[in-house]
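Each chain is listed here by its residues.
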Amino acid sequence: MRTGRRWLAATGVSLALGVSLTMGVSLTVGSALVLGGCGPKARGDLTPPAGSAAWDSRFDLVFDDHYTAIPVQMTGRAPGDVIDQKRFAQRLGHADLVVLVTVDQVWSRGLYAGTPQQRASVTLGQVLHGELARGVRNEQVLELRGGDALPAELGGQVMLLFLRWAPGEGAGFHHHLMRADEDVVTLIEAMVRHARAAGQLQRPGGKSGKHRRRKKS
């Protein structure tokens, strides 16, 4: 039986490949998160919790410190759509945090190994999955590496941030940004609720249903 994020990832593949969900969605700005760049950590920066697993290179393609410009087509059957759906499910299933962010500004830092090195200043909003530590800042800067340069018109747009811890590496995490359309956000909220109802995910500040059942028995 799958548990935790593995269960959510497997469920995500199934839902992304065709399950229809009709639910409301809220894009209200709320919880806070810090996204630090490389270098020494400042007070309020997001750091991996104690006991976080070391980075696994099999996630390099999924959490690539870059972004997806086009929303994922959840009902598409073209080969490219299916690949995007599977990567979306992997990001959701293996992310430690999934957060809505508003992009404030993007700017370039020049080239490294022939690829653009950019930064995006963002304002953190609603947390869709995961738990955040206290004392972190709302306005943060993300390092983006490789791929095409981010267009300046991303400023002011709401995006989804998928983040996985990477202790000892750069900022202490790797991430991926993608466009946040209503259908995708609705799907994420529904999948997280479903996983929690099944006792496979821990609620912020609480214990998973599975853990409670084991303690009671």
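Residues numbered from 1 in each chain as written. Predicted model: local features only at pLDDT ≥ 70, side-chain atom pairs only at ≥ 80, totals over all residues. Heavy atoms only, no water.

A. Representation of the pattern of salt bridges. Per the counting criterion, the structure on display carries three salt bridges. Notably, a salt bridge pairs Asp56 with Arg58, separated by 2.9 Å at the nearest N-O pair. Given a relative accessible area of 31%, Asp56 falls into the partly exposed group. A salt bridge links Glu143 to Arg119, with the nearest nitrogen and oxygen atoms 2.8 Å apart. One end of the pair, Glu143, is in strand β4 (residues 139–145); the other, Arg119, is in strand β3 (residues 115–129), and 24 residues separate them in sequence. (Salt bridge = Lys/Arg side-chain N within 4 Å of Asp/Glu carboxyl O. Buried < 20%, exposed > 50% of the residue type's maximum accessible area, 1.4 Å probe, protein only. Helix = DSSP H or I, 4+ residues; strand = E, 2+ residues; numbered from the N terminus.)

B. Up close: the confidence of the model for the protein. Residue-level pLDDT values for the protein average 74, and 68% of them are 70 or greater. Across the protein, element-level confidence peaks in strand β5 (residues 158–165) with a mean pLDDT of 95 and bottoms out in helix α4 (residues 209–216) with 37. Low pLDDT, under 50, characterises residues 13–38; the predicted model gives this stretch 82 contacts beyond four residues in sequence or across chains. Counting contacts from residues 204–217, a segment whose pLDDT is below 50, to residues more than four positions away or on other chains yields 14 contacts. (pLDDT = per-residue confidence, 0-100. Contact = heavy atoms within 4.5 Å.)

C. Molecular detail of the nonpolar core. Within the largest apolar cluster, 23 residues are counted, with the highest numbers of intra-cluster contacts made by Phe88, Val98, Leu160, Phe162 and Ile188. Those elements that provide at least two residues to this core are α2 (79–94), β2 (97–112), β5 and α3 (182–197). Looking at this core element by element, the count peaks at six residues for α3. If we skip the residues at most four places from it in the chain, Val98 touches Leu92, Gln126, Val127, Leu128, His129, Leu160, Leu161, Phe162 and Ile188. Counting 21 residues, the second-largest nonpolar core is a separate cluster that includes Tyr67, Val122, Leu142 and Leu177. (Core = buried A, V, L, I, M, F, W, Y, C linked by side-chain atoms within 4.5 Å.)

D. α3, seen in detail. With 16 residues, α3 extends 22 Å from end C-alpha to end C-alpha; this agrees with the ideal 22 Å at 1.5 Å per step. For α3, the full list of buried residues reads Val184, Val185, Thr186, Leu187, Ile188, Glu189, Ala190, Met191, Val192 and Ala195. The first or second residue beyond α3 is Gly199, which carries a positive phi of 75°. (Expected span 1.5 Å × (residues − 1).)

E. Molecular detail of the packing of aromatic side chains. Under the counting rule described, the total for this entry stands at four aromatic pairs. Their ring planes at 80° and their centres at 6.4 Å tell us that Trp55 and Phe63 sit as a pair that is edge-to-face. Taken individually, Trp55 and Phe63 each receive the classification buried, so the pair is uniform in this respect. Taken together through their ring pairs, the aromatic side chains of Trp55, Phe59 and Phe63 make up a single cluster. (Phe/Tyr/Trp six-rings, centres within 6.5 Å; stacked < 30°, edge-to-face > 60°.)

F. Here's a closer look at the side chain of His174. Examined against the element boundaries, His174 turns out to sit in strand β6 (residues 173–179). Relative accessible area serves as the criterion here: at 15%, His174 is assigned to the buried category. Of the polar contacts made by the side chain of His174, one reaches the side chain of Asp65; its length is 2.8 Å. Sequence-distant contacts of His174, defined by excluding residues within four places in its chain, comprise Trp55, Phe63, Asp65, Phe162, Leu163, Arg164, Ala166 and Glu169. (Polar contact = N/O pair within 3.5 Å; in protein donor to acceptor, adjacent residues only side chain to side chain.)

G. Representation of unusual backbone geometry in the model. One non-glycine residue, Asp65, lies in the positive phi region at around 60°. Along the chain, the position of Asp65 falls in the loop between α1 (4–16) and β1 (66–68). Exposure remark for Asp65: the relative accessible area of 5% places this residue in the buried category.

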